[in-house]
Amino acid sequence: MDRTISGQVTDEKSEGLPGVNVVVKGTNRGTSTDVNGRYELLIPDEEVTLVFSSVGFVSQELNPGNRSTIDIQLVTDSKSLSEVVVVGYGSQQKVNLTGAISVVKFDDKINNRPITNSSQALGGTASGVWVSQNSGKPGSDGAQIRVRGWGTLNNSNPLIIIDGVEGSFDQLNPSDIESISVLKDAASAAIFGSKAANGVVLVTTRMGKNNEKAQVNINSYVGVQTLGMHYDLINNSAEHMKLTNMALMNDGGSQLFSDELISAFNTGTNQYKYPNTDWFKELYKPALIHEHNVSVKGGTAQTSSYISFNYLNQQGMIPNTSSQRYGLRANLESNVNNWFKVIGRLSYLNRSSREPYADITYGSLGRVFEMLGGAAPYIAPYTEDGRFGSVQAIGADGTLLYDNRNPLIDAANGRTETQDNVFTINSTAEIKFNKNLTSRTTFATNGTWSLVDRHNTSVFGYTDTGIETITKNYNREGLEINRGHTSNLNTNLFSTLNYNQTFGTRHVVSAIAGIQLESNKIQTLYARRTSPPKEGLTQVDAGTSGIQGTGNMNRLRIFSYFGRLNYAFDQKYLFEANLRADASSRFKEGNRLGIFPGFSAGWRISDEAFMQDVRALSNLKLRASWGKLGNQNIADYWPYLTIINQNNDLSYNYGGKLAPGAAVTSLIDENITWETTSTLDFGLEMGLFNDKITVEADYFRKTTDNIIVQLPIPLVLGGLTPPFENEGQMKNNGFEFIVNYNNQRSDQNQVGFNMGLNFTYIDNQVTRFGTGRSPDQLYLIRQGYSFRELYGYKAIGIYQTDEEALQHMSANGFKPKAGNLKFEDVNNDGKLGFEDKQPLGNTIPKLTFGLSPSLKYKRFDLNVLMQGILGVNMFTQNNFTSLSFENRVIATSWLDAWTPQNTDTDIPAVRFNSTWDNSQSSFWVNKADFIKVKNIQLGYALPEKVSTKYGLKRTYFYLNAQNVFTLVNGKYQGYDPERNTFDSGYNVYPVPRIFSFGANLTF
C-alpha cells in the first residue's frame, strides 16, 4: 500500500530550490521540485529512505517515518562552490575568475582512453582549442594545439607549464595529470608575458592529501591498432594495366602492357605470379598496444605524496616501427612547521623508438611512403618461399615493365633507433610570514637528452622467376652509419611574494609580485661514416670513408619581473590587473625589454539583490578583458647579429690545396624586436536550475602585430638569406560557446545523463605582410587573405572538344585538348597566367566543435566523445591521387575519367604527367569538413561488497574504441582528415583505430 508525502526543499536562505531530485533510495521512484521548491511523491507504506540531491548542494538522506509532510533545507556544497582553477603562479576560485579559461579534468573518461601523448586529451574537450593529431607514428604522435586560431607566421604552439614550470607534453605520462587549464585571453595569460602570445596550457599533476590513507591504483589496458581511412586505389592488376595503356595512348603513345599479359593477370590465380596487391593491407598490419600504470598516493598530518610508475609498449602498424616508454614520478609536499613548507616534483621518462633507416633525403619513413606511393598492384609483396617480392609485370622478352616499388623492402632496411631521456626536478620553498603574506621560491631543471642511431642494410626483392631487384634509389650512397645527439637543458629560478587581505566584510585584495630568470642551452653533435667492412656493424667507428662530424651550441636567456593584483568588492564586482616585463637575449640591447599588461573585470549579477527572485538562475556573470602578450619564438637565436659561415661550400681550391673560405650569407635587421598580441574578450557565464545547465559564451578579437618574417629579396643580392623583420600583422576574431547539462542521479537505479557541447568560430586574416613582396604560391601568405589560404586556378569544367579548348585558350602557348581541365580565364586574355589565379579555400578551420554525451545506469557507464571541424579545405594532389608514369599508383576515381563516351564527369581524361591538369587548381582541393566519433567507452564497476571481499576499494572494467569512424565530404581522398591542413596528406603515418580492454583497480 502506498501513501503520499509532500513538502518543500529550501536553501540556506530559506528560499525554495527548484529542480531538486527526491528519490526513494534503491528504487526508480522519484520526482523533482517545482520552481518554488515544492514536491509531492507516492512512497510505499513501509520503512524507506528518501534521498534529496541537487548539483551544488550536499545530498541528504532521511527516514520519513509516519510523517506526510517533510520540509528540508539543503546546504551548499562548499567543494562545488569553491572549485579551484589553476592560473598563472597560483589558483583562484572559479566563481571569481575574470579571464577566459577552459578546464579539463582527467577523470575516468580520459584516463582509460589509449592516449599515448597527453596533448591528444584536449581534442574536442576544450572550447577555443583546435587539436589535430597529425601522425600515428609510435613515439611521435603528439597533437598539434592551436589556441584561438593561428596566432603568428612563426611558431604558433602554446606555452606548456607543468606544475608551474615550462615543459612539454612529451615528458608527461597522461595518467599523472590531475587537470589542465587553458588560458585563452591575454589578460589571464599576461603574467607569462613573452611566451604566452599563443595561449598557455597549465598542467597540474596528481598529489595526495593530508590525513589521507594510502591508496594504490592500478590501471592497465591492452588493445589492437588497425588502419582506418585510407586512399581508395585500383588493386586489380588487369584493370590497372588497361587504364595505364589508355593514359599512354591518350597522349599519342603506344600501349605498355600486351593484351596477352593483361589476359594472363585477368585469369591467373597464382598470387605470387599474378598478384593483385592491396598495399594498404600488406604494409599496415594490426599492431598490439598495451599500457600499465601503478600509483600510490596519501598523506599524514604534515606530508602528502604521490608516486607513480608507467610503462607503454606500442607496436607500429608498419613493420619495424615501435615505441616503448617508461615513466617515473614522485610528488611530495611537507609542512615542516606552521610557517615553512617544502614542495618537490621529480619525474623521469625514457622513450625508445624504432623505425627503418631514414636517410638525409627522404627523412623519417620517407622511403617507405615514397615506395608506397608508387606500389602498383602487379608488384608481389612476397615470393612463394617468403622473400620480398618484385614486379610481376614482365614483358615477352623477360624485361620488367616497371621499377620495383615494394615498400616492405624499405621497411626492412636497417634501423633508426631513438633514445629519449627526460629528467625534471622542481623544488619549492614556501615561507608563511603571517596569515596574509607568504613567499615562494622555486628552482627547476628540465633536461632532455636525445640519441639517434641509424644504419642501413642491403635488402632485395625477387620476381617469381628469381630475378633480383632493389627499390628505386635504394641506398644511393652505399652502406652508412651515423649518430646524432641533442642535449637540451632548461633551468628556471623564480620567486614570488603573495599577499591576501580582507578589509572589513566587503573588500578582498590579493596580490603577487615575482622575479624570474630562465636559461636554455642546446648542444648538438653528429658523426657519420660509410663503407663498413661488412654488414651488421652498427657503430660509427666501423665505417672506413665518408667521414663527417658537426657540433654546435645555442643558448637563450630571459630575465623577467611580473605581478598581479586582484580586487573583489562584496564578492560581486571583480577586477584583476597583470603586468610582466621580459628581457630576451634574442634581441639587441635597447630592444630586449618587452612590457606586457593585462586587465580584466567581472560582475556576478546573480548575487545582486534584484536577482534573488529569479529562482531558475543559479549563476550569472559578465566579464571583460584586454591584454597584450609577446612572442620571440623564431628559428634563429641571434637574428640581430651578423653571422660569418665557414663550410665546404664556401671553400675553394688554391694551388691544388683546400683553402677554407668564410662569408656572410645572411642579411640582418638589427632593430627587430618582439611580436605583440593584443586580445579583447567579452564573456558571459550562466547557470540554470542549480547549475544543471551551465552556459559560457565569449567573443574575442585577437591581433598579432610586428610579426617577425623573412620577406623575399632580389636575386641580384647574390642569393643571400633574407633578414628577419617586424613586417607582419594577423587577426583572429571569433566567438566560443559552451553548454553543459548535468542530470546525474544519486540513485544508481535511475538513468543519469550528462551532455557537453562546445564550439568555436574563428575568422583568420593576414592584415599586413611586408610591402607587396608576397609571391604567388599554393599556400598563400598575403595581406587580405587567411593565413596559408589555397591559391591557384579555378577549374570550371572539362573541354569536350579540341575546338572548345582552342577557342578558350586562343593565346596560350600550350594548347589543351578535349578531356583536359578547363580553368577560368579571369581576365579574358585567352591564356592562362598568374593573373588568373584566385583563392581556392582556407586551410584554417572556421569552426571547431566537440560533443560529449555520457550515461550512467546501475553500475554501467557509457561515455562518447565526438569532435569535428567545418569550413576547411585541403589540397590533395600527390602520388596517390594524380597520374604519374614514374609512380604508377591509380586511384579508383580515375575509373570515371572523361572519354568521348563518358562526358558527364568532372574527372579529366587519363594522361600521365599532364602539366596542364596537374596545375595547382580547385580540382585538387577538397572540402574536409568532418565529424568524428573520437572515443567510445563502456565501463562496469563491480559492487563494493565484491571488491572489498578481495581487498579492493574499487574495481572497474572498460571497453574502449578510439578513432571509431569519421563522416567527411564524399569527394575527400586520403587518410583520416584529422591531419595537417598545410600539406597534401601523402608523407603521413596514419592515425590508428584502437580497440582496447582495460581494468582500473583501487586498493
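Residues numbered from 1 in each chain as written. Predicted model: local features only at pLDDT ≥ 70, side-chain atom pairs only at ≥ 80, totals over all residues. Heavy atoms only, no water.

### Structural notes on the overall build of the chain
Rules: Segments assigned H or I by DSSP are reported as helices when at least four residues long, segments assigned E as strands when at least two residues long, and all are numbered from the N terminus. For the radius of gyration, the atoms used are the C-alpha atoms, and the globule rule reads 2.2 Å times the number of residues raised to 0.38. Whether two residues touch is decided by their heavy atoms; if any such pair falls within 4.5 Å, the residues are in contact. Each accessible area is a Shrake-Rupley result for a 1.4 Å probe, and residues are judged covered by the shown protein chains and nothing else. Counting rule applied: Lys, Arg positive; Asp, Glu negative; His and chain ends not counted. By convention, the point assigned to a charge is CZ for Arg, NZ for Lys, CD for Glu and CG for Asp.
When helices and strands are tallied, the chain shows 10 helices and 51 strands. Taking 30 Å as the expected radius of gyration for a compact globule of 1003 residues, we find that the chain reaches 32 Å, a close match to that expectation. Principal-axis analysis of the C-alpha atoms gives the chain an extent of 100 × 75 × 65 Å. Once local pairs closer than 6 in sequence are excluded, the contacts in the chain between residues at least 24 apart make up 70%. Accessible surface, the chain as shown: approximately 43000 Å² in total, 54% of it carbon and sulfur. In the chain, 91 side chains carry a positive charge and 95 a negative one; their mean positions are 6 Å apart.

### Quick notes on the pairing of strand β26 (residues 480-503)
We apply this condition: Criterion used throughout: strands pair if DSSP finds at least two bridges between them.
One ladder, built from 19 bridges, connects strand β23 (residues 437-455) with β26; its direction is antiparallel. The residue bridging T448 from the neighbouring strand is N488, located in β26. If you look at the hairpin formed by β26 and strand β27 (residues 507-530), you'll find 3 residues sitting between the two strands, and G504 has a positive phi there, around 65°.

### What to know about the sheet that holds strand β2 (residues 21-24)
Where strands meet in a sheet, backbone hydrogen bonds hold them as pairs that are either parallel or antiparallel. Threshold: Think of each axis as a best-fit line through the C-alpha atoms, taken over the contacting stretch in the case of a helix, with angles from 0 to 180 degrees between the N-to-C directions.
Taken together, the 4 strands give an open sheet; going across it, the order is β3-β2-β5-β6, and neighbouring strands pair in antiparallel fashion. Of all strands in the sheet, those with a lone pairing partner are β3 (30-32) and β6 (60-62), marking the two edges. Shown here is a sheet whose adjacent strand axes are inclined to one another by a mean of 15°, direction ignored.

### Things to note about the nonpolar core
Quick reminder of the rule: Working definition of a nonpolar core: buried Ala, Val, Leu, Ile, Met, Phe, Trp, Tyr and Cys residues. They are joined through side-chain atoms within 4.5 Å. Accessibility here uses a 1.4 Å probe with only protein chains present; expressed as a share of the type maximum, an area under 20% marks a residue as buried, one over 50% as exposed, and anything in between as partly exposed.
Ranked by size, the top nonpolar core spans 55 residues in total, and within it F280, Y284, Y378, F880 and W894 carry the most contacts. Top element by residues in this core is helix α4 (residues 237-250). It accounts for 5 residues. With residues up to four places along the chain from it excluded, the contact list for F280 reads L227, H230, Y231, L233, L372, F880 and Y975. With 23 residues, the next largest nonpolar core counts V85, A186, V200 and A444 among its residues.

### Let's talk about the side chain of T905
Heads up, the rule is: Pairing of N or O atoms within 3.5 Å defines a polar contact, subject to two protein rules: one partner must be a possible hydrogen donor and the other a possible acceptor, and residues neighboring in sequence count only if both atoms are side-chain atoms.
Mapped onto the elements, T905 comes out in the loop between β47 (873-875) and β48 (925-927). A distance of 3.1 Å separates a polar side-chain atom of T905 from the backbone nitrogen of I907. When neighbours within four sequence positions are excluded, T905 is seen to be in contact with I798, D896, A897 and W898.

### Description of the pattern of salt bridges
The condition that has to hold: Any carboxyl oxygen of Asp or Glu within 4 Å of a side-chain nitrogen of Lys or Arg constitutes a salt bridge here.
By the definition in use, this model includes 48 salt bridges. A salt bridge links D2 to R29; the nearest nitrogen and oxygen atoms lie 3.2 Å apart. Here the residue D2 occupies a position in strand β1 (residues 2-10), and R29 occupies one in the loop between β2 and β3, the gap between them amounting to 27 residues. For D176, the salt bridge is made with R329, and the minimal N-O distance between the two is 3.7 Å. Taken together, the positions of D176 in the loop between β14 (165-166) and β15 (177-183) and R329 in strand β20 (residues 322-335) put the pair 153 residues apart, joining distant regions of the chain. When sorted by exposure, D176 lands in the same class as R329, which is buried. Salt bridges here are not isolated pairs; linked through shared partners, they connect R148, K184, K621, R623, D681, E685, E696, D698 and E736.

### A word on the environment of Q144
Its place among the elements puts Q144 in strand β12 (residues 144-147). Look at Q144 and you get buried, because its relative accessible area is 14%. The sequence separation of Q144 and S132 amounts to 12 residues, and the corresponding C-alpha distance is 5.1 Å. With near-sequence residues (within four places) excluded, Q144 lies in contact with W130, V131, S132, N134 and W150.

### Considering the packing of aromatic side chains
Which entries qualify depends on this criterion: For this analysis, a ring pair means two rings from Phe, Tyr or Trp (six-membered ring only for Trp) whose centres lie within 6.5 Å, classed as stacked if their planes differ by under 30 degrees, edge-to-face if by over 60, and tilted for the remaining angles.
Following the criterion strictly, the structure yields 36 aromatic pairs and no others. Both rings, one in Y39 and one in F52, keep their centres 5.8 Å apart while their planes meet at 75°; by these two values the pair is edge-to-face. A residue pair is termed long-range when its members are at least 10 positions apart, and Y39 in strand β4 (residues 38-44) and F52 in strand β5 (residues 50-53) qualify at 13 residues. For F52, a relative accessible area of 0% puts it in the buried group. Members of the aromatic cluster, connected to one another through ring pairs, are Y231, F280, Y284, F880, Y975 and Y986.

### Some points on the sheet that holds β1
As summarised here, the arrangement of the 3 strands in space is β4-β1-β7, forming an open sheet in which the pairing is mixed. Each having just a single partner strand, β4 and β7 (72-73) make up the two edges of the open sheet. Here 7 bridges tie β1 to β4, and the two strands are oriented antiparallel to one another. Following the sheet pairing, I5 is matched in β4 by L41.

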